[in-house]
Amino acid sequence: MSKQVRIDLTLLLPDLPDQADECVRRLETMLGSVPGIERVHVAHKDGMNLGELCLHFDPARVSVKDVQQLARSSGAQIGARYAHLSIPLQVIGAEDAGMSIERALMDLPGVLNVLVSLPAQQALIEFDRQLTDAKALREKLDALGVAAARPAAPGVEPSVNASGLLEWYRRHRELAWSLGSGLFLVTGFGLEHWSGASLGLVVTLYLCAYLLGGLDLIKHWSTAVLSGRVTFDIHLLMLLAAIGAAVLGAWAEGAFLLFLFSLAHALEHAAMGRARDAIRALGDLAPRSATIQRGEGTVSVPVEQVRPFDIVIVRSGESVPVDGEVTAGSSSVNQAPITGESVPVAKAAGDEVFAGTINGDGVLHIQATRVVGDRTLDRVVKLVAEAQVQKAPTQLFTERFERIFVPVVLVADVLLIVIPPLIGAWDLSTSFYRGMALLVAASPCALALGTPAAVLTGIAQAARSGVLIKGGAHLENLGQLRALALDKTGTLTEGHPEVTDLRTLSGTDEGELLRVAAGIEQHSQHPLAAAVVRAAEQRGVTPSAASDVQSVTGRGVRGVIDGTATAIGTLELWESSGGTIPEEIRREVEELQAGGRSTMAVEHGGRWLGVLGVADRPREGVADTLNQLRALGIGPIVMLTGDNAGVGNAVGQEVGVDEVRSRLLPEDKVTAIRELSDAHGQVAMVGDGVNDAPALANATVGIAMGGAGTAIALETADVALMADDLGKLVFAVGLSRQARAVIRQNLYISLTVIGTLVLATTTGVSGIGLAVLVHEGSTLVVVANALRLLRYSG
């Protein structure tokens, strides 16, 4: 009979951005060809984020250890060959310039996939290291003229030789071109209508307005022609309309078109810069230098030089430069920049702190645990940058629509120019003019920009408030949730259970029961195990030395103490192996469970020592949070727990969930998520990002609690609540619904404007000038509408 083993994908492919990435398919194919391995798949639903790699194998042909080793070595081979690179861009262009960049990069050998977000000014590239490298990709972007300027090396001051005017031009080049175009346009128009200037001078001024207003369009189109990638896009529509106006002698209207087109784009990019700055500011939270202890004194060094285990001194009012553990001192720390918590958190020896948080009144001595590159802040900035590039379903739809719509417009435009004169409806001049006006009217600029602008600002606002949303798809999905499943321990409860009852059998005292139980449990990472160890410490009991300790998932732990087989866990631990359980043990377990306790029975060398009762208190305010989620239309709300029904029902009744499902193993939670999905459609799972990883991966949206303290939570879930605060979920869902509303509004605005202008220009109600004004105005409206999300506070 075949068996299966599951391995977290993040352990096999640490740099994997998404489970839909082609590297997962490569890993499945590589392992599926190994003799003895019968099936390889990812435990997820299509389109969801990272999950577990599930390998079904024949134990008679290959061992569990061999399967695990093969998976690790295969993952290492794939990771060594294929890479993902996120590169910042600096693009001045129409909304579809991102697709042009994607096509240009895909022409390079070795480039496997490219995602470009123009509003975010980011490119995410997957490539084969055997055929290309990061240097070649950057050189290609440099050749395209879209690579962002490299930051100066640490300690190197930027050049200040340029005058203030030149520096302003460098930062606002697009706006300068547009204003120059407008100046030539106004001058030419004034001379044409109110002076006796020659036609040659007037046309020359209009040509200068054409040149400055259309520099970016000309650059984009010439690059496409030279590279052999001529496409039907927004740039082409604008260029043809401007050229057509010049052919008709309507120089002023053509110049006005290009002036407004360039000005609108300058203003749009400046507005989108606000959203990018909100994200960029995350990376500036941590200081550039740190004060570290050296012998008896201290020294200030660049933060890049801080190493793990260095002692960092953080004085009152300073920002924390690294993640670490407080070794001395006490203070209150403002964690809002990372976790979104509104109230400073007290910190003392043994507490964890994060880079980018702000120290209060005291002085803290912090032992660095995660330094530059590995800090929570660095992970968040990296994941947010990648999230900006992940395209939402609506954005993918609009891009497909544009690819069909633009060629259709060009064909319709030719027909509009040719057919009316042939049938005697209009003369050629009228028909040609209306055709040029149609090109402006039908250009889908607002349509192309509306969705990515909303996604960018939504992700930015979430990150500023302590919620990490890892892509546009997850931002949209959050707003469509119908059902919610939550883990109990650490999600609905505090996650710090304590031993409340020690029930011993005759001949055993509490000290022996704790000594044996803690001896086994000190080797386990489960929260209940930690409670047993703490109880032993508090009572002054020294745990026994244990060996050969093995965890039995969802049931308990076995090991050897004093040469004798020992076990601690739920009664299922013995029932699954056919063991006999004394009635006295069953009575104690039933009585404790009826009181809402989790129970652990202890057997040592065939002798039953007793039962431990453990309780975990619900989080403060959880009931109110669940009611707020119901008010948003989410229901049912289901608690999933591995605890017994007594404990589950007691907690569930106190917090007010709609349903409790108890005694669930990890695979049972996956089944529960699938059942909820089948019954209600969109379902979210909230857990700790570690034990609940399979369920998180199978939910429509996987939400991890306390992402600031758990690297695996940041990597596993679609959404991470950086603070250990379930209340942030209400904010996240509300923000997502607002973002979806903005996306719909932008679609309605852009499609309505296109439809109205097409009708107005083809019937002669509107000319090129009014079409340009309304068209560019609509693009500014959708960007401004998206920026409203930066003010969302729940």
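Residues numbered from 1 in each chain as written. Predicted model: local features only at pLDDT ≥ 70, side-chain atom pairs only at ≥ 80, totals over all residues. Heavy atoms only, no water.

A. Seen up close, the packing of aromatic side chains. In total, this model carries 5 aromatic pairs according to the counting rule given. Summarising the aromatic geometry, the rings of Phe401 and Phe405 are spaced 5.1 Å apart at their centres and angled 15° between planes, so their arrangement reads as stacked. Remark: Phe405 and Phe401 occur in helix α14 (residues 393-423); sequence separation between them is 4 residues, near one turn of the helix. Geometry around Tyr82 places Arg26 over its ring, the cationic atom sitting 3.8 Å from the centre. Seen from the ring of Phe731, Lys728 lies directly overhead, with NZ or CZ sitting 6.0 Å from the centre. (Phe/Tyr/Trp six-rings, centres within 6.5 Å; stacked < 30°, edge-to-face > 60°. Helix = DSSP H or I, 4+ residues; strand = E, 2+ residues; numbered from the N terminus. Lys NZ or Arg CZ within 6 Å of the ring centre and 35° of its normal.)

B. Up close: helix α22 (residues 583-594). For α22, which comprises 12 residues, the first-to-last C-alpha distance of 16 Å matches the rise-based estimate of 16 Å (1.5 Å per residue) to within 8%. Listed in full, the buried residues belonging to α22 are Ile585, Glu588, Val589, Leu592 and Gln593. For α22, the arc enclosing every buried residue in end-on projection is 125°, short of the 170-degree limit, so these residues lie on one face. Within α22, the exposed residues directed more than 90 degrees away from the buried face are Glu583, Arg587, Glu590, Glu591 and Ala594. Of the surrounding elements, those touching the buried residues of α22 are β18 (498-504), β22 (598-604), β23 (607-615) and α24 (645-655). Phi for Gly596, located one or two positions after α22, is positive at around 80°. (Expected span 1.5 Å × (residues − 1). Buried < 20%, exposed > 50% of the residue type's maximum accessible area, 1.4 Å probe, protein only. Arc of directions from axis to C-beta. Contact = heavy atoms within 4.5 Å.)

C. Just the nonpolar core, in detail. Membership of the largest hydrophobic core comes to 44 residues, with the highest contact counts inside it found for Leu478, Leu484, Leu492, Leu626, Leu629, Ile703 and Leu729. Ranked by the residues each element gives to this core, the list is headed by helix α28 (residues 728-762), at 10 residues. Setting aside anything within four residues of it in sequence, one finds Leu629 in contact with Leu484, Ile634, Ile637, Leu729, Val730 and Val733. Membership of the second largest hydrophobic core comes to 39 residues, among which are Tyr206, Phe259, Phe261 and Ile417. (Core = buried A, V, L, I, M, F, W, Y, C linked by side-chain atoms within 4.5 Å.)

D. A look at the confidence of the model for the protein chain. Overall, the predicted model of the protein chain reaches an average pLDDT of 82, with 86% of residues at or above 70. Taken as a whole, residues 45-49 scores under 50 in pLDDT and shows 22 contacts with residues more than four places along the chain or in a different chain. (pLDDT = per-residue confidence, 0-100.)

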